[in-house]
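What follows is each chain in one-letter form.
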Amino acid sequence: MSKKDKKDGGKGHPTMRDVPIGLDAEGTRDEFDSMGTVAVPADRYWGAQTQRSLKHFSIGGDRMPKAVYHAYGIVKKAAALVNGEAGRLPQWKAEAIVRAADEAISGELDAHFPLFVWQTGSGTQSNMNINEVLSNRAIQLLGGTLGSQEPVSPNDDVNMGQSSNDSFPTAMHVAAVTLFDERLVPELSKLATAIEAKANRWMDVVKVGRTHLEDATPLSVGQEWSGWAAQLRAAQAEIERSREGLYELAIGGTAVGTGLNAPEGFSRHVAARIAELTGKPFVTAPNKFMAQGSLDAMVRASAALRGAAVALMKIANDMRWLGSGPRCGLGELKLPANEPGSSIMPGKVNPTQCEAMVMIAIQVIGEDTATAFAGSQGNFELNAMRPIIINNLLHSATILADGCEKFRTYSVEETEIDRDRIKNYMENNLMLVTALSPVIGYQAAAKIAEEAQASGSTLREAALKSGEVSEEQYDTIIVPGDMIGHGVEGA
């Protein structure tokens, strides 16, 4: 055992203590890295490399998402457990790192992860941020001196067998899958379920169909809503499928994918431990050169989010158009009145949840465009556009999840229909003439519709006036309820 491991003469190692999180200190303390000494805030756990990044990359207000560090805590915990079990780390040291990692996972150390998104593209500074924080927190737990890197080193111990180039994309994948599973997929599913409930409730309410924004043949309100629900189910399925690529982890590839300085079997064992810790089917990536030289799995996941955004935009726009009015618009839907809609027009109410969802969709589509471009910027053994991609992906997934929850709660679930207006539109729909076409021919049917529109008469009046059909034929053929097929399968 080395001298640095001998802190307690009787036991040969320091004993971990129950020390609350926090540093009751003012001013600065000296931390060091390979380039020299740096003064850091005395009440923070980070070290020299984190402080250098804060100086050189304080760009805008965009901070690396805390979800990345929570996921990184899982990666560091898994590595420490594997290294401890293999005897590469003394067990007492591994336990201290694991204790600190658990605090990172839970969010208790969030105040100590301050770095900006716009930093080194490999994520090295965020990797070192968590290495330094876990090192100093473990040192505190073991009764050592912060900044000494003794008895727990950020590089040699916390980062053992790892590189930023394999650990950062691993944390990216863990963070993305966690957010998809815990928030996004459930909220999309709940929204689809709420829309399906409305569809089932209104399946027999016949309404005017619209194509090209013009009147078309009828369908039911329920059929229209079922289409929206099917869009969301398909988008949900794409997001779930996109996780397959995210389950493959780069850990163990170290700097360029060869695994230099990682022990044999390290990649498999750490991936298995991450799977165990998260309850998700993570595995080691079969080709580390792809896993580190590209960000293709993240690009595909982002594209799946874009697909959900496109579907949600369509639904939100349809709802706000169908709810337009209340007296001079379509007015088929009665959207909930959540708040006053104007500072000058008393009594005005706007489709605010629909508008918010459209803005969310626009943002997600924009972030996906940036992600796709960033994904194309890999060079040789590394794609150094990782921070922007994980920031975009997590932001998109978060606002989609939150937006789905609010849209469902404050719009979809409280929306009702105006049956009288729907019935009135249906009675005045000239495109019911389509049902006459197989009987009297397309051209004759077209002339009836054109005459009705020109004269302002009803379709029935124009049809009987034409002499092409009898009153009995018309009343037998023009039955809107018979034109909508059989439920969601169609005619």
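Description of the overall build of the chain
- Along its length, the chain carries 17 helices and eight strands.
- Based on the C-alpha atoms only, the size of the chain along its principal axes is roughly 110 × 50 × 35 Å.
- Per-residue burial for the chain yields a buried fraction of 50% across its 491 residues.
- Of the roughly 22300 Å² that the chain leaves accessible, carbon and sulfur atoms contribute 52%.
- The positive charge centre, built from 47 side chains, and the negative charge centre, built from 60, are 5 Å apart in the chain.

Structural notes on helix α11 (residues 352–375)
- Look at α11: 34 Å from first C-alpha to last across 24 residues, which is about the 34 Å you get at 1.5 Å a residue.
- Among the residues making up α11, those that are buried are Q353, C354, M357, V358, I360, A361, V364, E367, D368, T371, A374 and G375.
- On its buried face, α11 is in contact with α10 (296–322) and α12 (386–412).

Observations regarding the environment of E214
- The topology assignment puts E214 in strand β4 (residues 214–220).
- Separated by 64 residues in the primary sequence, E214 and T278 place their C-alpha atoms 51 Å from one another.

What to know about the pairing of strand β1 (residues 28–33)
- Side chains R29, E31 and D33 project from β1 onto a buried face, and the interleaved T28, D30 and F32 project onto a face without burial.
- Looking at chain direction, β1 and strand β2 (residues 36–41) are connected through six bridges and run antiparallel. Within the sheet, the bridge partner assigned to T28 lies in β2 and is P41.
- In textbook terms, the turn of a hairpin is the stretch between consecutive antiparallel strands, and for β1 and β2 this stretch comprises two residues.

Focus: the state of the cysteines
- Scanning all chains against the criterion turns up zero disulfides.
- The thiol of C354 is unpaired, and the distance to the nearest cysteine sulfur, on C404, comes to 13 Å.

Looking at the pattern of salt bridges
- Per the stated rule, a full pass over the model turns up 31 salt bridges.
- Between D368 and R306 there is a salt bridge, and its shortest N-O distance comes to 3.0 Å. Of this pair, D368 sits in helix α11 while R306 sits in helix α10, placing them 62 residues apart in sequence.
- By relative accessible area, D368 is classed as buried at 4%.

Observations regarding the confidence of the model for the chain
- Summary statistics for the chain give a mean pLDDT of 96 and a share of 97% for residues scoring 70 or more.
- Taken as a whole, residues 1–10 scores under 50 in pLDDT and shows 19 contacts with residues more than four places along the chain or in a different chain.

Remarks on the side chain of N131
- Looking at the secondary structure, you find N131 in helix α4 (residues 124–141).
- Those residues in contact with N131, other than ones at most four positions away along the chain, are K76, P154, V158 and N159.

Description of unusual backbone geometry
- With an omega dihedral of 5 degrees, the bond running from E150 to P151 counts as a cis peptide bond.
- Note that P151 resides in the loop between α4 and α5 (154–158).
- Residues G325 and P326 are joined by a peptide bond in cis, for which omega reads 15 degrees.
- We note that F380 has phi near 55 degrees; this positive angle belongs to a residue other than glycine.
- Residue placement: F380 occurs in the loop between α11 and α12.

Section: the packing of α10 against α12
- With their axes 10 Å apart at the nearest point, α10 and α12 run at an angle of 25 degrees to one another. Between α10 and α12, the interaxial angle falls into the category roughly parallel. Where α10 crosses over α12, the two elements pack in a sense that is left-handed. Mapping the contact onto sequence places M298, A301, S302, L305, A309, L312, I315, A316 and M319 in α10 and I389, I390, L393, S396, A397, L400, C404, F407, S411 and V412 in α12.
- Residues belonging to the contact of α10 with α12 are distributed by class as follows: 16 nonpolar, three polar and no charged.

Basis of the calculations
- Residues numbered from 1 in each chain as written.
- Predicted model: local features only at pLDDT ≥ 70, side-chain atom pairs only at ≥ 80, totals over all residues.
- Heavy atoms only, no water.
- Helix = DSSP H or I, 4+ residues; strand = E, 2+ residues; numbered from the N terminus.
- Buried < 20%, exposed > 50% of the residue type's maximum accessible area, 1.4 Å probe, protein only.
- Areas by Shrake-Rupley, 256 points an atom, 1.4 Å probe, with all protein chains shown as cover.
- Lys, Arg positive; Asp, Glu negative; His and termini not counted.
- Charge placed at Lys NZ, Arg CZ, Asp CG, Glu CD.
- Expected span 1.5 Å × (residues − 1).
- Contact = heavy atoms within 4.5 Å.
- Pairing = 2+ DSSP bridges.
- Disulfide = S-S within 2.5 Å.
- Salt bridge = Lys/Arg side-chain N within 4 Å of Asp/Glu carboxyl O.
- pLDDT = per-residue confidence, 0-100.
- Axes fitted to C-alpha atoms, helices over the stretch in contact; angles between N-to-C directions.
- Parallel < 35°, antiparallel > 145°, perpendicular 65-115°, else oblique.
- Left-handed = near helix turned anticlockwise from the far one by under 90°.
- Nonpolar A, V, L, I, M, F, W, Y, C, P; charged D, E, K, R; others polar.

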